[in-house]
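# A look at the structure
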Amino acid sequence: MSLEFTSLQVMLIGLLLVLGLMIMIAVVRYYYSQVVPTRTLALHQHDEKRHTVIKYPEADVFKLAPTFKLVGSIVALALMILAFGWTTYEKKTGIELYLIDTGDEIEMETPRTAEPPPPPPPPPAPQLVVAVPSDLPELETVVFEDQSISEETAIDVPPPVETVKESVPPPPPPPPPPPPKEGEIFKVVEEQPTFPGCEHILDKKERAACAEERLLQFIYENIQYPAVARETGVEGVAVVQFVVETDGSISNINILRDPGAGLGAEAARVVSLMPKWNPGKQRGRPVRVMFTLPVRFVLE
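Before going into details, it helps to say that this report is about the structure given with it. These numbers come from a predicted model, not from an experiment. (Residues numbered from 1 in each chain as written. Predicted model: local features only at pLDDT ≥ 70, side-chain atom pairs only at ≥ 80, totals over all residues. Heavy atoms only, no water.)

## Quick look at the pattern of salt bridges
Using the following cut-off: Any Lys or Arg side-chain nitrogen found within 4 Å of a carboxyl oxygen on Asp or Glu counts as a salt bridge. For the purposes of this entry, the term helix denotes a DSSP run of H or I that reaches at least four residues, the term strand denotes a run of E that reaches at least two, and both are numbered from the N terminus.
Inspection of every chain in the model, using the stated rule, returns three salt bridges. Residues K276 and D247 are paired through a salt bridge, measuring 4.0 Å at the closest nitrogen-oxygen approach. In this pair, K276 sits in the loop between α5 (263-272) and β4 (280-282) while D247 sits in the loop between β2 (236-244) and β3 (250-257), placing the two residues 29 residues apart along the sequence. Note that E266 is salt-bridged to R269, the shortest N-O span being 2.7 Å.

Here it is, written out as structure tokens:
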């Protein structure tokens, strides 16, 4: 059986102990200052040799020493139990504020590829120079013949030539799409990677919602608010980027946004503890997919 006391309970029990001791001391003082002298004098008023009240055994204070020792032992034991049972609880962060949709908050720079240099300009076209001789011979006179046709003109028609239509072969099928490059990392794929645990759900939207809930539950169970951030009151959104490999493992963990005080490192630590995901797929084949996870830290 374990006893746990909060700071408020320890304070109340301590005040009750102090108040009880003060009441006991007041009662004992009143008894020995008011009641004992009157009763002692009444009992010994016929003695031949009367002493002061302190001399009589009825007024002996030391006979209560065992009682005071027992009370002191009880008080010391109670204080020891309070000291060992004094428990403080850490503040918990809100589960609904861990995952957020950052939207346009994260500005991702598109990797720039080296553009090929522009082709050189074509050489200028050579200028055509026509040499015209100055001494041209005289042109011959052209005689035009009459080629008109009348109804009496006989026309020789050549026999028709039979053309054989050749069978045209069908066009070749289009080439298959090139396979993805080995080690290429995709940002957008046909089937995004998902957190494990919801593979039995057939509907895609319900499976995605279930995977997000499982991811949120995993983060809530494993994340710990850094002590430095809690003491200094640091809050904010930490953004972690990682790659889901073809076998579902996590690699290339990178902190894109770190509010400071160890919040970014804590988010990266939780990401490194994740189990294997369901890998993303492109054209039915598992590929490497980059995933961005924002985690918000809020003190209650």
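## Observations concerning the nonpolar core
What counts is decided by this rule: Here, nonpolar core refers to any group of buried Ala, Val, Leu, Ile, Met, Phe, Trp, Tyr and Cys residues whose side-chain atoms link them within 4.5 Å. Buried, partly exposed and exposed residues are distinguished by accessible area as a fraction of the type maximum, computed with a 1.4 Å probe on protein chains only: under 20%, between the cut-offs, and over 50%, respectively.
Counting 21 residues, the largest nonpolar core has F195, L215, F242, M274, W277, L293 and F297 as the members making the most contacts within it. At the level of elements, α3 (204-222), β2, α5 and β5 (285-297) are the ones that each hand at least two residues to this core.

## Looking at a nonpolar patch on the surface
Note the threshold: Patch definition: residues above 30% relative accessible area lacking any salt bridge, with like charges linked at up to 9 Å and the nonpolar side chains Val, Leu, Ile, Met, Phe, Trp and Tyr linked at up to 5 Å. A 1.4 Å probe and the Shrake-Rupley method give the accessible areas. Residues count as covered only by the protein chains that appear here.
Together, L3, L77, M80, I81 and F84 line one region of the surface with nonpolar side chains, adding up to about 510 Å² of accessible area. Within the secondary structure, L77 is located in helix α2 (residues 65-85). Under the relative-accessibility criterion, L77 is labelled partly exposed at 46%.

## A short note on the packing of aromatic side chains
As a reminder, the rule being used: Note on ring pairs: Phe, Tyr and Trp rings are taken, using the six-membered ring of Trp, and paired if centres are within 6.5 Å. Classes follow the plane angle, with under 30 degrees stacked, over 60 edge-to-face and the rest tilted.
According to the stated counting rule, one finds six aromatic pairs in the structure shown. On the numbers, 5.7 Å between centres and 50 degrees between planes, the contact of F195 with F218 is tilted. One end of the pair, F195, is in the loop between β1 (185-186) and α3; the other, F218, is in helix α3, with 23 residues separating them in the sequence. In this pair, the class of F195 matches that of F218, namely buried. Centroid distance F242 to F291: 5.5 Å. Interplanar angle 35 degrees. Geometry classified as tilted. You can see F242 sitting in strand β2 and its partner F291 sitting in strand β5, a full 49 residues away along the chain.

## Some details on the packing of helix α1 (residues 7-43) against α2
As a reminder of what qualifies: The angle between two axes is taken between their N-to-C directions and runs from 0 to 180 degrees, where each axis is a line fitted to C-alpha atoms and a helix contributes only its stretch in contact. Every angle not falling under 35 degrees, over 145, or within 65 to 115 is termed oblique; those three ranges are roughly parallel, roughly antiparallel and roughly perpendicular. The contact rule is simple, with two residues in contact once any of their heavy atoms fall within 4.5 Å. In this classification, the charged set is Asp, Glu, Lys and Arg, the nonpolar set is Ala, Val, Leu, Ile, Met, Phe, Trp, Tyr, Cys and Pro, and all remaining amino acids, among them Gly, are polar.
Relative orientation of the contacting elements α1 and α2 amounts to 170 degrees, with a least axis distance of 11 Å. Of the possible angle classes, the one that applies to α1 and α2 is roughly antiparallel. Residues V10, I13, G14, L17, L21, M24 and V28 of α1 form the contact with α2, whose own contacting residues are F68, V71, V75, A78, L79 and L82. Of the residues in the contact of α1 with α2, the class split is twelve nonpolar, one polar and no charged.

## What to know about the state of the cysteines
To be explicit about the condition: Two cysteine sulfurs form a disulfide in these notes if their separation is within 2.5 Å.
Taken as a whole and judged by the stated rule, the model has one disulfide. Between the sulfur atoms of C198 and its disulfide mate C210 the distance is 2.0 Å. Judged by the torsion about the S-S bond (-70 degrees), the C198/C210 disulfide is left-handed. Of the two residues, C198 is situated in the loop between β1 and α3 and C210 in helix α3; the sequence distance between them amounts to twelve residues. On the accessibility criterion, C198 (1% relative accessible area) is buried. For C210, a relative accessible area of 16% puts it in the buried group.

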